[in-house]
Amino acid sequence: MDQKTEIKALKGIGEKTAALFGKLGIVTVEELLAHYPVGYDSFTEALSAGELESGTLCAVKARLHGGISSRKVRNLTISTCKVSDLSGEVSLTFFNMPYLKNVIKPDLYYIFRGVPTQAKGGAWKMEQPSVYTPEDYGKLLDTLQPRYSLTAGLTNKTVTKAIRQAFASCGELEDYLPAQIRQKYGLIGYREALYGIHFPENELALRSARRRLVFDEFFLFMVQIRRCREDCEGVESPYKMMETADTVRFLEKLPYSLTGAQEKVWTEIREDMQGRYVMNRLIQGDVGSGKTVIAVLALLMTAANGYQGAMMAPTEVLARQHFESIAEMTKKYGLPFRPALLTGSMTAKEKREARARIESGEANVIIGTHALIQENVVYQKLALVVTDEQHRFGVRQREALAGKGLDTHVLVMSATPIPRTLAIILYGDLNISVIDELPANRLPIKNCVVGCGLRERAYQFMQKEIEKGRQVYIICPMVEEGEAEGLENVVSYTEKLKRVFPQQIQISHLHGKMKPAEKNRIMEAFAQGDIDILVSTTVIEVGINVPNATVMMVENAERFGLAQLHQLRGRVGRGAEQSYCIFVSSSDKKQTMERLDILNRSNDGFYIAAEDLKLRGPGDLFGIRQSGSMNFRIADIYQDAKELKEASEAAELFLSGDISLSSLPRVDFRSI
Ligand code: ADP
Ligand code: MG
């Protein structure tokens, strides 16, 4: 059995379980081992009922007080009981646990582990706690148990067991890094690291495991970046362009004038495209800094020179939105664009027609997802490729383009706020332009950070905004029930809201597990104002532009990196109306509140990310990922800046031939 073996071959995994794993994108043993925990449960000493802390996962040792009563609500069995010790009492609620009476017996002490909340009068409650005998709990004490992202029907236990089984049967795992490098940077072996990330013996072991895997991820990425730079630096441009009157006229007709920063960046791009070498440029600019219009200008110059330009977005929804706004501008400003859309969910016929228009040169601006370079699209004379909101396309895209024998100009747009020193390493294959100024006409977004207790008021506020004709986003960290304890999920939350709000208010939801066509339909309905409240995961994080949306509420805000919250906030405040952002924290710890308060103080993504890192310090390794749009599997460019620099140095050594590797694993940039 090796890494490529399907997990079905593992003991204890049948067709049904394998299908559930399939939903998480796990088919092979390798993919299973790469399903890293999203966090760890540390089992701390059980508390007495008097010591409970609201909103924090804890364990209480207590015994049954009175009986267990059960009632049925539709297909749900709800059981309640009270447990107590000398210091106090806690009410417990369980769902669909018909055998509860066999689990909790009178007069014996048990450990109940869950998230306690305190009612107004001071009474403690816990929903669906895990129940342990003191003996079982004792065995878990002071260990770190992995917590995995799950899907309905798949339990954490099943995943844990499967991974143990995989380690037991997959034999040796080759370490491609030579001992020399491992020593130099103090890295543990690959197998040890992989095992340690799933089943760490203690926190120290976990740190070493994580450090090695982070290093690997950066290292492989850096090698690709460097290779790419070598391949594309100084490539003679086959598409030298001239400036035409079209861009000037377009700028004159726009209802606003470019900001100084936009001007500067546009000049850099213009010079690149007129120059001797092929352009490889990154535009870095905070949300709302106006990157789209710069992309349109570059596409316009391309079209006016008789070439084709393509614009790729990370999601279909975003691609469609760009297409529509370019089609609209074409009409409104009389631009020489003949736009075409190409995305995965179009029908075969639609795709065929679009491809034909691209091949004949009839279409001169082509908008789509990465299908644009992956599928068999033949361009007549493609001279510019713009990618929006995801620089990670950069590398793959270069490869794909080179594979087609195309030396096109490349423009990458990113809103990920990172300091310049890191940017130079991470975007080593690109020249960097920064839009460091927001358009002046913006009303600053009003922010507030609240505890769960203020939800009702927030809902009332939303209803008022909706009555004024505005729209609302609500973000939850999880997709569906059963994925993680104590965190809000999109599906149940939407159901709940439908009961809270009057019927005429339209509520829908959106998440990454939905089919692309369904996602498009929902986003379009939202953009058209047919949906008042959209409950979503962070899939809406990138680039969506619905200026009529004025309220953004984020549930479990404490679970997100501040840079990511800032990106989410960028979805509102795009129109003329005052916009609001409500961060709901389910933890009232002082530290959490202080951290979230940084968002109140600043609207500057660079500043926010840096402050967040300072406040949390390098010790805070798990749980919160900062850089949503960079999407490394485990590495985080902010907290792992040190590893990033080391890996970059090691990549340099490798490429200069000073070290050799047994075999370099290929990185799948889609999964990163
Ligand atoms: P992002 O950089 O996040 O992609 P967009 O390009 O979507 O930002 O721009 C956000 C909004 O700002 C759009 O509605 C756009 O029309 C508007 N905009 C862009 N540049 C300017 C400007 N110089 N002055 C005023 N509004 C602008
Ligand atoms: Mg954008």
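Here the structure is a predicted model, which means the values were calculated and not measured.

Colleague: For this particular structure, what's the right way to read helix H7 (residues 190–198)?
Modeller: Three or four residues apart is the spacing at which side chains of an α-helix point the same way, because the helix has 3.6 residues per turn. Among the residues of H7, those classed as buried are Tyr190, Ala193, Leu194, Gly196, Ile197 and His198. Close packing links the buried residues of H7 with helix H2 (29–33), strand S1 (39–42), strand S10 (144–147), helix H5 (156–169) and helix H8 (203–232).

Colleague: Would you mind going over the sheet that holds strand S20 (residues 507–510) with me for this structure?
Modeller: Strands pair in a sheet through their backbones, by hydrogen bonds, and they do so in one of two ways: parallel or antiparallel. Taken in spatial order, the 6 strands line up as S18-S23-S22-S19-S21-S20 in an open sheet, and their pairing is parallel. If you trace the sheet from one side to the other, it starts and ends with strand S18 (446–451) and S20, each paired once. Pairwise comparison of adjacent strand axes, ignoring direction, gives a mean angle of 20° for this sheet. Relative to strand S23 (residues 580–585), S18 runs parallel, the two being bridged by 6 bridges. Opposite Lys446, over in S23, you have Tyr580 as the bridge partner. Against the sheet, helix H18 (residues 490–500) touches strand S19 (471–475), S20, strand S21 (533–536) and strand S22 (549–554), its axis set at about 175° to S20. Docked against the sheet, helix H20 (residues 562–569) engages S18, S19, S22 and S23, running at close to 155° with respect to S22.

Colleague: So what exactly am I meant to see when it comes to the packing of aromatic side chains here?
Modeller: Remark: the centre distance and the inter-plane angle together describe each pair of aromatic rings, the angle taken between the planes. Evaluated as defined, the whole model comprises 15 aromatic pairs. With a centroid separation of 6.3 Å and 55° between ring planes, the pair formed by Tyr110 and Phe112 is classed as tilted. The burial state of Tyr110 is the same as that of Phe112; both residues are buried. Ring centres 6.1 Å apart and planes at 55° place the aromatic pair Phe219 and Phe654 in the tilted group. Here the residue Phe219 occupies a position in helix H8, and Phe654 occupies one in helix H23 (residues 641–655), the gap between them amounting to 435 residues. One residue, Arg113, lies across the ring of Phe43, its end atom 4.0 Å from the ring centre. The ring of Phe199 carries the charged tip of Arg164 above its face, separated from the ring centre by 3.9 Å.

Colleague: Just checking my understanding: could you explain the environment of Ala609 for this structure?
Modeller: Within the element layout of this structure, Ala609 appears in helix H22 (residues 605–616). With 254 residues separating them in the primary sequence, Ala609 and Arg355 have C-alpha atoms 42 Å apart. Ignoring sequence-local partners within four residues, the contact set of Ala609 consists of Pro417, Ala563 and Tyr638.

Colleague: Can you walk me through the site of ligand 1 in this structure?
Modeller: Ligand 1 sits among 17 residues. The nearest are Gln262, Gly288, Lys291, Thr292 and Arg442. Separating an oxygen atom of ligand 1 from a backbone N or O atom of Ser289 is a distance of 3.4 Å. Taking Thr292, its side chain carries an N or O atom lying 2.7 Å from an oxygen atom of ligand 1. For ligand 1, the accessible surface in isolation is 570 Å², of which the surrounding protein chains cover 85%. Among the residues forming the shell around ligand 1, the class breakdown is 4 nonpolar, 9 polar and 4 charged.

Colleague: I'm lost on H5 in this one. Help?
Modeller: Over its 14 residues, H5 runs 20 Å from end to end, which matches the ideal 20 Å to within 8%, given 1.5 Å per residue. By the burial criterion, the buried members of H5 are Val159, Thr160, Ala162, Ile163, Ala166 and Phe167. Relative to the axis of H5, the buried residues are bounded by an arc of 165° and lie together on one face. Turned more than 90 degrees off the buried face of H5, the exposed positions are Lys157, Lys161 and Ala168. Where H5 is buried, its residues meet helix H1 (15–23), H2, S10 and H7.

Colleague: Where do I start with the confidence of the model for the chain in this structure?
Modeller: Interpretation of the predicted coordinates at a detailed level should be avoided for regions scoring low in pLDDT. Looking at the chain as a whole, its pLDDT mean stands at 86, while 92% of the residues score no less than 70. Looking over the chain, one finds the lowest element-wise mean pLDDT in helix H15 (residues 393–403), namely 61, and the highest in S19, namely 97. The model gives residues 618–624 a pLDDT under 50, and that stretch makes 18 contacts with residues more than four places away or in other chains. For the stretch residues 667–672, pLDDT sits under 50, and the model shows 16 contacts to residues farther than four places along the chain or on other chains.

Colleague: Hey, could you run me through the domain arrangement of the chain in this one?
Modeller: Accessible area lost on assembly of the parts is the figure often given for the size of an interface. Once the domains are mapped, the chain shows domain 1 (49–141), domain 2 (245–435) and domain 3 (446–602). Domain 1 and domain 2 are separated by 56 Å when their C-alpha centres are compared.

Colleague: When you look at the state of the cysteines in this model, what are you seeing that I'm missing?
Modeller: By definition, a disulfide links the sulfur atoms of two cysteine residues through a covalent bond. Inspection of the entire model under this criterion finds 0 disulfides. Free cysteine: Cys448, not disulfide-bonded; nearest cysteine sulfur from Cys581 at 8.3 Å. Cysteine Cys452 is unpaired, with the sulfur of Cys476 as its nearest cysteine sulfur at 12 Å. Here Cys452 falls in the partly exposed class, since its relative accessible area comes to 31%.

Colleague: Whenever I open this one, the packing of helix H9 (residues 245–253) against helix H11 (residues 291–304) confuses me. Can you help?
Modeller: Packed helix pairs are characterised by how far apart their axes lie and by the angle those axes make with each other. H11 packs onto H9 with a crossing angle of 145° between their chain directions and a minimal axis gap of 8 Å. Relative to H11, the crossing made by H9 is right-handed. Across from Asp246, Thr247, Phe250 and Leu251 in H9, the residues of H11 making contact are Val293, Val296, Leu297, Leu300, Met301 and Ala304.

Colleague: Honestly, the pattern of salt bridges in this entry has me stumped. Any pointers?
Modeller: Pairing is possible between side chains that carry opposite charge, provided their charged atoms lie close to one another. Evaluation of the coordinates by the stated rule reveals 31 salt bridges. For Arg113, the salt bridge is made with Asp41, and the minimal N-O distance between the two is 3.6 Å. Taken together, the residues Arg113 in strand S6 (residues 109–114) and Asp41 in strand S1 connect sequence positions 72 residues apart. This pair shows no difference in class: Arg113 is buried, exactly as Asp41 is. Linked through salt bridges whose partners overlap, the residues forming this network are Asp175, Arg182, Arg212 and Asp216.

Colleague: What am I meant to see in the sheet that holds strand S15 (residues 382–388) here?
Modeller: Read across the open sheet, the 7 strands follow the order S13-S14-S12-S15-S16-S11-S17; overall the sheet is parallel. Single-partner strands in this sheet number two, and they are strand S13 (339–342) and strand S17 (431–435). Averaged over all pairs of adjacent strands, the angle between strand axes in this sheet comes to 20°, irrespective of strand direction. Note: strand S11 (residues 280–285) against strand S16 (residues 409–414), 5 bridges, orientation parallel. Within the sheet, the bridge partner assigned to Gln284 lies in S16 and is Ser414. Strand contacts of helix H10 (residues 260–274): S11, S15, S16 and S17, with the helix running at about 155° to S17, the strand carrying the most contacts.

Colleague: How should I be thinking about the side chain of Asn364 in this particular structure?
Modeller: If you trace the backbone, Asn364 turns up in the loop between helix H13 (348–360) and strand S14 (365–368). Looking at Asn364, its side chain comes within polar contact range of the main-chain nitrogen of Arg338, at 2.6 Å. The contact partners of Asn364, leaving out residues within four places of it in the chain, are Ala303, Tyr307, Gln308, Gly309, Pro336, Phe337 and Arg338.

Reading the values: rules and limits
Residues numbered from 1 in each chain as written. Chains lettered and ligands numbered in written order. Predicted model: local features only at pLDDT ≥ 70, side-chain atom pairs only at ≥ 80, totals over all residues. Heavy atoms only, no water. Buried < 20%, exposed > 50% of the residue type's maximum accessible area, 1.4 Å probe, protein only. Helix = DSSP H or I, 4+ residues; strand = E, 2+ residues; numbered from the N terminus. Contact = heavy atoms within 4.5 Å. Pairing = 2+ DSSP bridges. Axes fitted to C-alpha atoms, helices over the stretch in contact; angles between N-to-C directions. Phe/Tyr/Trp six-rings, centres within 6.5 Å; stacked < 30°, edge-to-face > 60°. Lys NZ or Arg CZ within 6 Å of the ring centre and 35° of its normal. Near = heavy atom within 4 Å. Polar contact = N/O pair within 3.5 Å; in protein donor to acceptor, adjacent residues only side chain to side chain. Areas by Shrake-Rupley, 256 points an atom, 1.4 Å probe, with all protein chains shown as cover. Nonpolar A, V, L, I, M, F, W, Y, C, P; charged D, E, K, R; others polar. Expected span 1.5 Å × (residues − 1). Arc of directions from axis to C-beta. pLDDT = per-residue confidence, 0-100. Domains from an automatic or database assignment. Disulfide = S-S within 2.5 Å. Left-handed = near helix turned anticlockwise from the far one by under 90°. Salt bridge = Lys/Arg side-chain N within 4 Å of Asp/Glu carboxyl O.

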